[in-house]
Amino acid sequence: MDDHNADTIWAVILAAGKGTRMNSHSTNKVAMKVAGVPMLVRTVQNLQQSGINNICIVVGFAKESVMNLFDNSVHFAQQGEQLGTGHAAKVGVDSLPENTTDIIVLYGDDSYIYTPDIYKKLLTIHQTQKADLSFITLTVDNPTGLGRIVRDSTGNVIGIVEEKDATDEQKKITEINPACYIFSYSFFKEYIDTVPKSPVTGEYYLTSLIEIAVQEHARIETYTVTGINWRGINTPEELQQADTLMQS
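All of the points below concern the structure found in this document. (Residues numbered from 1 in each chain as written. Predicted model: local features only at pLDDT ≥ 70, side-chain atom pairs only at ≥ 80, totals over all residues. Heavy atoms only, no water.)

A few words on the overall build of the protein chain. When you go through the protein chain residue by residue, the secondary structure sums to 7 helices and 12 strands. For the protein chain, the C-alpha radius of gyration of 17 Å lies close to 18 Å, the compact-globule estimate for 248 residues. Seen through its principal axes, the protein chain has C-alpha atoms that stretch 45 × 40 × 40 Å. Split into buried and exposed, the 248 residues of the protein chain put 52% on the buried side. Of the roughly 11,700 Å² of accessible surface on the protein chain, 47% is carried by carbon and sulfur atoms. When the 19 basic and 30 acidic side-chain charges of the protein chain are each reduced to a single mean position, those positions are 4 Å apart. (Helix = DSSP H or I, 4+ residues; strand = E, 2+ residues; numbered from the N terminus. Rg over C-alpha atoms; globule rule 2.2 N^0.38 Å. Buried < 20%, exposed > 50% of the residue type's maximum accessible area, 1.4 Å probe, protein only. Areas by Shrake-Rupley, 256 points an atom, 1.4 Å probe, with all protein chains shown as cover. Lys, Arg positive; Asp, Glu negative; His and termini not counted. Charge placed at Lys NZ, Arg CZ, Asp CG, Glu CD.)

Shown next, in the form of structure tokens:
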């Protein structure tokens, strides 16, 4: 990463969701500890160690439990209504300065696992390839329940298909999307308002921007990460599993 443009790169961490399955009414799950450290604090520390100091956290549910974790070193944006990850990312990006060049978008409940090195490598790929959108992929033994990366015969990403929409053939794909993205600011601002509302949930999903990038023939790059114990956290059981994995 070029030091001279580190000041125009922002990380936007989505931490507004209710996390219903955690059954917590006063603490946002991103403030819960994994291996003794609140998962969101770990994410912020790893970003800072990679050279990214401009950090915006999108808050909503139990926002005090999130905001109390930090001093003035991070910026906060508030999502008033829970309208999905696409809407949350837009709320965050809309609060950024206009000289922003690139935005790393992360989910607060699974980004604790990404190392400073992963951010550096993804940024290097994104910048050297002059990509509109770059994101991490993982190959997992059991992809059940996760979004699959669909590629064409030459290896280009042509979409991410969610489990419920996947064909039997697509369900065999073991390359998944763990939701760590870098968007060019210009691409994000141009297309975020074209993300469709889900007819099922009424929410706007960030993954729709990948489909839009494919349709618009935008430049998409991926970085396949190996050797990390990725574990999204939605339930108390998964929090316990993450704790065990981080300490192993």
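Our focus in this paragraph is the environment of Leu-133. Turning to its location among the elements, Leu-133 is positioned in strand 7 (residues 133–139). Relative accessible area serves as the criterion here: at 0%, Leu-133 is assigned to the buried category. Considered as a pair, Leu-133 and Asp-102 are 31 residues apart in the sequence and their alpha carbons are 9.3 Å apart. If we skip the residues at most four places from it in the chain, Leu-133 touches His-126, Tyr-181, Ile-182, Phe-183, Leu-209, Ile-210, Ala-213, Arg-219, Ile-220 and Glu-221. (Contact = heavy atoms within 4.5 Å.)

Let us now look at helix 1 (residues 39–49). Across the 11 residues that make up helix 1, a large majority, 8, are buried. Of all the positions in helix 1, only Met-39, Leu-40, Val-41, Arg-42, Thr-43, Val-44, Asn-46 and Leu-47 are classed as buried. Downstream of helix 1 by a residue or two, Gly-51 has a phi angle that is positive, lying close to 100 degrees.

So, about the nonpolar core. If you look at the biggest cluster of nonpolar residues, it comprises 41 residues, and the most contacted ones within it are Leu-47, Ile-57 and Tyr-114. The element contributing the most residues to this core is helix 1, with 5 residues. Listed in part, the 36 residues of the second largest apolar core include Leu-14, Tyr-181, Phe-187 and Ile-212. (Core = buried A, V, L, I, M, F, W, Y, C linked by side-chain atoms within 4.5 Å.)

Moving on to the pattern of salt bridges. Across all of its chains, the model carries 9 salt bridges by this definition. For the salt bridge of Asp-117 with Lys-121, the shortest nitrogen-to-oxygen distance reads 3.2 Å. A residue pair is termed a helical-turn pair when its members lie 3 or 4 positions apart in one helix, as Asp-117 and Lys-121 do in helix 4 (residues 116–128) at 4 residues. Residue Glu-221 pairs with Arg-219 through a salt bridge whose shortest N-O separation is 3.2 Å. (Salt bridge = Lys/Arg side-chain N within 4 Å of Asp/Glu carboxyl O.)

Another point: the packing of aromatic side chains. Summed over the entire model, instances satisfying the criterion amount to 7 aromatic pairs. Centre to centre, the rings of Phe-135 and Tyr-181 are 6.1 Å apart; their planes meet at 55 degrees, and the pair counts as tilted. Taken together, the residues Phe-135 in strand 7 and Tyr-181 in strand 11 (residues 180–184) connect sequence positions 46 residues apart. Each member of the pair Phe-135 and Tyr-181 is classed as buried. With centroids separated by 5.5 Å and ring planes inclined at 70 degrees, the aromatic side chains of Phe-183 and Phe-188 adopt a geometry described as edge-to-face. (Phe/Tyr/Trp six-rings, centres within 6.5 Å; stacked < 30°, edge-to-face > 60°.)

Now for the environment of Glu-169. If you trace the backbone, Glu-169 turns up in the loop between strand 9 (157–161) and strand 10 (175–176). A sequence separation of 11 residues divides Glu-169 from Ile-158, and the C-alpha atoms of the two residues are 15 Å apart.

Turning next to the side chain of Ser-24. With respect to the helices, strands and loops of the structure, Ser-24 is situated in the loop between strand 1 (9–15) and strand 2 (33–34). Beyond its immediate stretch of four places on either side in the chain, Ser-24 contacts Met-32 and Phe-61.

The buried fraction of strand 1 is high, at 7 of 7 residues. What you see with strand 1 is no split at all: Ile-9, Ala-11, Ile-13 and Ala-15 on one side and Trp-10, Val-12 and Leu-14 on the other are buried throughout. Here 6 bridges tie strand 1 to strand 6 (residues 102–107), and the two strands are oriented parallel to one another. Paired with Val-12 across the bridge in strand 6 is Val-105. (Pairing = 2+ DSSP bridges.)

Its 13 residues give helix 4 an end-to-end C-alpha distance of 18 Å, which sits within 8% of 18 Å, the value for a rise of 1.5 Å per residue. Restricting attention to buried positions, one finds in helix 4 the residues Pro-116, Ile-118, Tyr-119, Leu-122, Leu-123, His-126 and Gln-127. Each buried residue of helix 4 sits inside an arc of 160 degrees when the element is viewed along its axis, so together they form one side. Packed against the buried residues of helix 4 are strand 1, helix 1, strand 6, strand 7, strand 11 and strand 12 (220–225). Once helix 4 ends, the next one or two residues include Lys-130, with phi positive near 50 degrees. (Expected span 1.5 Å × (residues − 1). Arc of directions from axis to C-beta.)

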